[in-house]
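Descriptive analysis of the structure
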Amino acid sequence: MATSQPIAQLGHPILTKKAQPIEDISSPSIQQLIDDMMQTVENAGGVGIATPQIHHNKRIFIVCSKPNARYPNAPDMPPTAMVNPEIVSHGNEQENGWEGCLSVPSLRGLVPRYTYIEISYFDRNGYKHHAIYTDFLARIFQHELDHLDGLTFVDRVASTDDLISESEWFRQYN
Ligand code: ZN
């Protein structure tokens, strides 16, 4: 059974640790972790969540972009668990965009990300996938991959001027 988990908040040490690769994707504990992350991100209205955010130190995240109250312009896709995800290559161009994070409530940050990335990951059944992500999906992937390397978006802003409250972000940009 999937159980929504408490989300680690900025300052919790788990959010600054490098997560460990998964060796046995089929193990019941990993499958349970994926189920719990799916439930947690859905309940929280996120477009992605990484394992450290539910207090585990494993290289897994969920990408689940769909339009919702927090991200009205997000593309629609089925929730996808990505195990041992990697950026294989990327374009040269970066673009600034506003990001939020379930671990950093009520704040948005202007973060530069690659607009074109070639990625790989294993799905929850152990099959390897390659894909090209652009724009918003590329942004989510880079944001979640950062979590597996102990970084949050506040580590990526160029200046504190690029941090604003979520209410102010809604007022100015929607
Ligand atoms: Zn996040």
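Right above here is the structure, for reference.
Described below are features of the structure shown in this document. Computed from a prediction, not measured in an experiment: that's the story for all the values here. (Residues numbered from 1 in each chain as written. Predicted model: local features only at pLDDT ≥ 70, side-chain atom pairs only at ≥ 80, totals over all residues. Heavy atoms only, no water.)

Moving on to the nonpolar core. Formed by 19 residues in total, the largest nonpolar core has its most connected members in Phe61, Val63, Met82, Tyr133 and Phe141. Among the secondary structure elements, those contributing two or more residues to this core are strand 2 (60-63), strand 6 (116-122) and helix 2 (135-148). It is helix 2 that contributes the most residues to this core, six residues altogether. Residues contacting Val63, with those up to four places away along its chain left out, are Val47, Gly48, Met77, Pro78, Pro79, Thr80, Met82, Leu137 and Ile140. (Core = buried A, V, L, I, M, F, W, Y, C linked by side-chain atoms within 4.5 Å. Buried < 20%, exposed > 50% of the residue type's maximum accessible area, 1.4 Å probe, protein only. Helix = DSSP H or I, 4+ residues; strand = E, 2+ residues; numbered from the N terminus. Contact = heavy atoms within 4.5 Å.)

A few words on the pattern of salt bridges. Inspection of the entire model under this criterion finds nine salt bridges. In this structure, Arg59 and Asp149 form a salt bridge, with 3.1 Å as the shortest nitrogen-oxygen distance. Of this pair, Arg59 sits in the loop between strand 1 (48-50) and strand 2 while Asp149 sits in the loop between helix 2 and strand 8 (163-165), placing them 90 residues apart in sequence. You can call Asp149 partly exposed: its relative accessible area is 30%. We note a salt bridge from Arg108 to Glu166, for which the minimum N-O separation is 2.9 Å. Taken together, the positions of Arg108 in strand 5 (residues 104-114) and Glu166 in helix 3 (residues 166-173) put the pair 58 residues apart, joining distant regions of the chain. Relative accessible area serves as the criterion here: at 0%, Arg108 is assigned to the buried category. Look at the salt bridges and you will find they share partners, linking Glu99, Arg113, Arg139, Asp146 and Arg156 into a network. (Salt bridge = Lys/Arg side-chain N within 4 Å of Asp/Glu carboxyl O.)

Now for the sheet that holds strand 8. With antiparallel pairing, the three strands of this open sheet are ordered in space as 4-5-8. The open sheet is flanked by strand 4 (94-101) and strand 8, the only strands paired with a single partner. On average, each strand axis in the sheet is inclined to that of its neighbour by 25 degrees, with strand direction left out of account. The pairing of strand 5 with strand 8 spans three bridges and is antiparallel. Each residue of the ladder has a partner; that of Arg108, found in strand 8, is Ile164. Helix 2 contacts strand 4 and strand 5 of the sheet and is inclined by roughly 60 degrees relative to strand 4. (Pairing = 2+ DSSP bridges. Axes fitted to C-alpha atoms, helices over the stretch in contact; angles between N-to-C directions.)

Take the coordination of the zinc ion next. Surrounding the zinc ion are the protein donor atoms Cys101 (SG), His143 (NE2) and His147 (NE2), at 2.1 to 2.3 Å. Donor residues binding the zinc ion come from one chain and are separated in sequence as C-x41-H-x3-H. With Cys101 in strand 4 and His147 in helix 2, this pair connects stretches of sequence that are 46 residues apart. In this structure, Cys101 and His147 share a single accessibility class: buried. (Donors = N, O, S within 2.8 Å, 3.2 Å for Na, K, Ca; no water.)

Bringing the sheet that holds strand 1 into the picture now. What the five strands build is an open sheet, ordered 1-2-3-6-7; its pairing is antiparallel. In this open sheet, the two edge strands, each paired with only one partner strand, are strand 1 and strand 7 (128-134). Across this sheet, the average inter-strand angle for adjacent strands is 40 degrees, counted without regard to direction. Bridging between strand 2 and strand 3 (residues 80-90) involves four bridges; their strand directions are antiparallel. Note on strand 3: the bridge partner recorded for Ile60 is Val83. Relative to the sheet, helix 1 (residues 28-44) contacts strand 1, strand 2 and strand 3, its axis offset from that of strand 2 by approximately 35 degrees.

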